[in-house]
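# Descriptive structure summary
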Amino acid sequence: MAAQEMDNSTTWGKELWDQFDNIATHTQKGIDFIERFGGFIRDRSAIEVEYALKLRRLVKNYQPKKSKEDEENEFSSLIAFKNVLKEVADLAGQREVVAENLQNQVLQGILLLAKNLREERKKALNQGATLTQSLHTQIGTLDRAKRSYEKAFREAEKAIESYHKADADFHLSRADVEKQRVNMNIRNSQSEDAKSEYANQLQITNKQQQQHYQIALPEVFNRLQELDEKRTRGMKEFIKRSADVEYEVSPIIAHCLEGIVKAADSINEKDDSMIVIEKYQSGFQPPGDIPFEDLSKPDPDAANNSQTHNSSTGLNHMTGKGTTKDKLKKRVGIFGIFTGNKNNLSTDGLKEDFSDLPPTQRRKKLTAKVQELQQKVAQEQAASDGLMKMKGVYEANSMLGDPRTVEEQLNESVNRLDRLRHELLRYQKLLEQANNQSFIQHSPQSNRVIQNGQRSSRHSNGSSNHENSHEDNGEDHPDDAGSLSRSASESSVQQAQNGLNINNNGSSASPESGLGTSHTSLPGSGQGSTNEQPMNEEFYEADTPLGTCRALYPFDATSEGSIPMSEGEELQVIEVDQGDGWTRVRRFSSKGWEEGFVPTSYIECTLYA
């Protein structure tokens, strides 16, 4: 209560009763100040808009270009960066919300308040000026009345003095004395009238002055005080409102920042490394050791070996740099064993049967193509079934429609379905051939056998007599399954004559290899054999063990054609390492006999004499 009384007693009208000009100046500065604060909010909104615009431009400039290949194998870091860009775009949207709310809720309020304050101040100052002018006018009237009274009083005194002199002078006549007496009375009467007017004006002035300084002008000052407090209170509210605008979007901004952190946590370097392997794995193996050629020992096949080695070395040098798309044209000679149509290219620059890709990449592409065609066939089949049902309904009830209107669409659907099924069958055969080639080509290409710690080469002269390589163009050949190995062997010999042979030195004969290879001759088979058996399942089953081996380390089979083994496990050697780092072994399990490739460095072999 005391504080309220103190607040009521300490008012501008009472404390600043004589500071009209200073109050007018102060209120003007206050309004100018809040307008300046409005300019600050306006400029800040412009900065927020510009910031949001630049953030959106930044997101647009750094948006990764979309490609079908990247969508199939996207790195976790790339996905995370896209999510970061999305969150930054959301942040830009929140900055735009801040700018809009500052303009609509703060700046507009400041401008309206400043306008109202300016109008109220003008009215109050005009009223104060009117009251002051009225008081000054009354004071002027009082001054004039006072001066009139002073003049009349002096004249009256002078008239009285003149009368007394005349009355005391015996030389003057009675008429002159009477004249001075009449003048004295007149002057006294005028003095009394002036005195009364002066007293009246003084009373009026004092009353007006009291009313002015105690009631009228304090009311004006209090209105100006209320106006200034309203301006100060508005300043407080607008500052808090500008902060509330930030608070309102802060949860969303925090959510965006959490999204950025979540995107960062989603990055997995191991998964990205595996994507790189999946994306660029060719299926070839690094070149093996180059064998020592003892020129002091005559070898009837030395010239042939030298030619084969030189062509292989050149090929390995070419393929050792990777299998990127801009290098594929240099490998046409290698992949010629897969297809014969070199001009049939798809829209992405690859052949329709993907024969210009490395084996692993080719199988992936063929698998994706088969899945795509299966989906199209299912969709077209569903559409055809729907048309068939519609035709049946029309035939049952002709009022619903004419069956002939559906028949043409049905024929087109059937034709499309036939084409899709034919294309699907074609790619399924290509995929099956690619898988068969991968399985057959796991065996080494040359016929070297380790005996008594030395390597000796066994060359199949039967394959060297062929002059034309067989190329698989993706057509359906009845004897494809039985002639893949033979075709691959003939192709490798023919390519060796062209300087692009894939021989045992540095060749790609791993379980991931997609190159055709010749089968290793069994011990006891002489050189110059002209009969080379095709590598099919029956041939594998009839293979005679060359020896035994023991696993030095455990091995998990991660590639096609390889088999796992545990440490210390005993296995039968079916094919020895031909320089590619892999040995074909066989073992008996609960499922029967299993064959596959294992790393040579993981086993210790003991070959039969």
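A short tour of the structure in this document, coming up. (Residues numbered from 1 in each chain as written. Predicted model: local features only at pLDDT ≥ 70, side-chain atom pairs only at ≥ 80, totals over all residues. Heavy atoms only, no water.)

### Digging into the overall build of the protein chain
The following threshold applies: In this text, helices come from DSSP runs of H or I with a minimum length of four residues, and strands from runs of E with a minimum of two, each type numbered from the N-terminal end. When accessible area is computed with a 1.4 Å probe and restricted to protein chains, residues below 20% of their type maximum are described as buried, those above 50% as exposed, and intermediate ones as partly exposed.
A tally of helices and strands in the protein chain yields 14 helices and seven strands. Taking all 609 residues of the protein chain together, the buried fraction comes to 38%.

### What to know about the sheet that holds strand 7 (residues 603–607)
Stated formally: Here, a strand pair is defined by DSSP locating no fewer than two bridges between the strands. Axes here refer to lines fitted to C-alpha atoms; in helices the fit is confined to the stretch in contact. Angles between the N-to-C directions go from 0 to 180 degrees.
Reading across the sheet, the five strands line up as 6-5-4-3-7 and stay open at both edges, with antiparallel pairing between neighbours. Looking at strand neighbours, the two that pair on one side only are strand 6 (592–599) and strand 7, the edges of this open sheet. Averaged over neighbouring strand pairs, the angle between their axes works out to 35 degrees when direction is ignored. Relative to strand 6, strand 5 (residues 582–589) runs antiparallel, the two sharing eight bridges. Along strand 6, the bridge assignment pairs Thr583 with Val598.

### Comments concerning the environment of Ala194
What counts, and what does not: Residues count as neighbours in contact if any of their non-hydrogen atoms are within 4.5 Å of one another.
Along the chain, Ala194 falls in helix 6 (residues 174–265). Taking the C-alpha atoms as reference points, Ala194 and Arg147, separated by 47 residues in sequence, lie 8.9 Å from one another. Excluding residues within four positions of it along the chain, Ala194 makes contact with Ala145, Ser148, Tyr149 and Ala152.

### Regarding the nonpolar core
Convention followed: Nonpolar core, defined: a set of buried Ala, Val, Leu, Ile, Met, Phe, Trp, Tyr and Cys residues in which side-chain atoms within 4.5 Å join the residues together.
Counting 20 residues, the largest nonpolar core has Ile34, Phe37, Ile41, Leu102, Val106, Ile110 and Phe238 as the members making the most contacts within it. The set of elements that each furnish at least two residues to this core consists of helix 3 (20–61), helix 5 (76–168) and helix 6. When residues of this core are assigned to their parent elements, the largest contribution, nine residues, is made by helix 5. Among residues more than four places away in sequence, those in contact with Phe238 are Phe37, Gln105, Val106, Gly109, Ile110 and Leu113. Within the second largest apolar cluster, 14 residues are counted, among which are Leu571, Val573, Val585 and Phe597.

### Quick word on a nonpolar patch on the surface
As a reminder of what qualifies: A patch consists of residues exposed above 30% relative accessible area that lack any salt bridge, with like charges linked at up to 9 Å and nonpolar side chains (Val, Leu, Ile, Met, Phe, Trp, Tyr) linked at up to 5 Å. With residues, only the protein chains shown are counted as cover, and all accessible areas are computed by Shrake-Rupley using a 1.4 Å probe. Every case where a carboxyl oxygen of Asp or Glu lies within 4 Å of a side-chain nitrogen of Lys or Arg is listed as a salt bridge.
A contiguous nonpolar patch, built from Leu58, Tyr62 and Phe81 and spanning about 300 Å² of accessible area, is present on the exposed surface. Take Phe81: it is sitting in helix 5. The exposure class assigned to Phe81 is partly exposed, which follows from its relative accessible area of 33%.

### Description of helix 7 (residues 269–280)
The line we're drawing: What a helix should span is 1.5 Å times the count of its residues minus one. Along the arc lie the directions from the helix axis toward the C-beta atoms. N or O atoms closer than or at 3.5 Å make up a polar contact, with two conditions inside protein: a donor-capable atom paired with an acceptor-capable one, and, for residues adjacent in sequence, both atoms drawn from side chains.
Taking 1.5 Å of rise per residue, twelve residues should cover 16 Å, and helix 7 covers 17 Å from first to last C-alpha, within 8% of that figure. For helix 7, the full list of buried residues reads Asp272, Ile275 and Lys279. Looking straight down helix 7, one finds its buried side chains confined to an arc of 55 degrees; they lie on one side. Its side-chain oxygen at 2.9 Å from the backbone nitrogen of Lys270, Asn268 defines the N-terminal cap of helix 7.

### Concerning the environment of Glu432
Mapped onto the elements, Glu432 comes out in helix 11 (residues 403–440). The class for Glu432 is partly exposed, based on a relative accessible area of 49%. Remark: the alpha-carbon pair of Glu432 and Arg363, spanning 69 residues in sequence, is separated by 9.2 Å.

### Some words on the state of the cysteines
Convention followed: When two cysteine sulfur atoms are found within 2.5 Å, that pair is recorded as a disulfide.
Counted under the stated rule, the structure contains zero disulfides. In this model Cys605 remains outside any disulfide bridge; the closest cysteine sulfur is found in Cys549, 5.0 Å from its own. Classification of Cys605 as partly exposed rests on a relative accessible area of 36%.

### Remarks on the packing of aromatic side chains
Applicable threshold: What counts as a ring pair is set by centres within 6.5 Å for rings of Phe, Tyr and Trp (its six-membered ring), and what kind of pair is set by the plane angle: stacked under 30 degrees, edge-to-face over 60, tilted for all other angles.
Counting across every chain of the model gives nine aromatic pairs. Between Tyr553 and Tyr602, the aromatic rings sit 5.7 Å apart at their centres with planes inclined by 80 degrees, giving edge-to-face as the arrangement. Taken together, the positions of Tyr553 in the loop between strand 3 (547–551) and strand 4 (570–575) and Tyr602 in the loop between strand 6 and strand 7 put the pair 49 residues apart, joining distant regions of the chain. Judged by relative accessible area, Tyr553 falls into the partly exposed class, the value being 47%. Taken together, a centroid distance of 5.3 Å and an interplanar angle of 70 degrees make the contact between Phe588 and Trp593 edge-to-face. The residues Phe588 and Trp593 share a single accessibility class, namely exposed. An aromatic cluster is defined as three or more aromatic residues linked by ring pairs; in this entry it consists of Tyr553, Phe555, Trp582 and Tyr602.

### Some points on the pattern of salt bridges
Taken as a whole and assessed by the stated rule, the structure comprises 22 salt bridges. The shortest N-O distance in the salt bridge between Arg187 and Glu155 comes to 2.8 Å. Of the two residues, Arg187 sits in helix 6 while Glu155 sits in helix 5, which places them 32 residues apart along the sequence. Under the relative-accessibility criterion, Glu155 is labelled partly exposed at 25%. Of the charged contacts in the structure, one is a salt bridge between Lys376 and Glu372, with a shortest N-O distance of 3.3 Å. In this pair, Lys376 and Glu372 are both assigned in helix 10 (residues 359–396), four residues apart and thus about one turn of the helix distant. By relative accessible area, Lys376 is classed as partly exposed at 36%. Overlapping salt bridges, with partners in common, bring together Arg44, Glu48, Arg95 and Glu246 in one network.

### Digging into helix 6
A turn of α-helix holds 3.6 residues, and therefore any two residues three or four places apart point the same way. We apply this condition: To get the bend at a given residue, fit one axis to the seven residues ending there, fit another to the seven starting there, and take the angle between those axes.
The end-to-end C-alpha distance of helix 6, which contains 92 residues, comes to 131 Å, matching closely the 136 Å that a straight helix rising 1.5 Å per residue would cover. A maximum bend of about 50 degrees is found in helix 6 at His212.

### Some points on the side chain of Ser413
Turning to its location among the elements, Ser413 is positioned in helix 11. Setting aside residues up to four positions removed in sequence, Ser413 forms contacts with Glu380, Ala383, Ser384 and Leu387.

### Regarding the pairing of strand 5
Most of strand 5 sits inside the fold, with six of its eight residues counted as buried. When strand 4 meets strand 5, the two strands line up antiparallel, connected through three bridges. Of the residues in strand 5, the one forming a bridge with Val573 is Val585. Connecting the antiparallel pair strand 4 and strand 5 is a turn made up of six residues, with Gly579 showing a positive phi of about 100 degrees. The hairpin turn running from strand 5 into strand 6, its antiparallel successor, is two residues long.

### A closer look at the environment of Leu112
Within the secondary structure, Leu112 is located in helix 5. Taking the C-alpha atoms as reference points, Leu112 and Glu35, separated by 77 residues in sequence, lie 10.0 Å from one another.

### Topic: the packing of helix 3 against helix 5
In plain terms, the rule: Here the word oblique covers every angle except those under 35 degrees (roughly parallel), over 145 (roughly antiparallel) and from 65 to 115 (roughly perpendicular). Handedness of a crossing follows from how the near helix is turned relative to the far one, being left-handed for an anticlockwise turn of less than a right angle and right-handed for a clockwise one. Here the term charged refers only to Asp, Glu, Lys and Arg, the term nonpolar to Ala, Val, Leu, Ile, Met, Phe, Trp, Tyr, Cys and Pro, and the term polar to all other amino acids, Gly among them.
Their axes nearest at 8 Å, the elements helix 3 and helix 5 cross at an angle of 165 degrees. As summarised for this structure, helix 3 and helix 5 are arranged roughly antiparallel, according to the angle between their axes. Between helix 3 and helix 5 lies a crossing of left-handed hand. Residue classes in the contact of helix 3 with helix 5 are distributed as 27 nonpolar, eight polar and ten charged.

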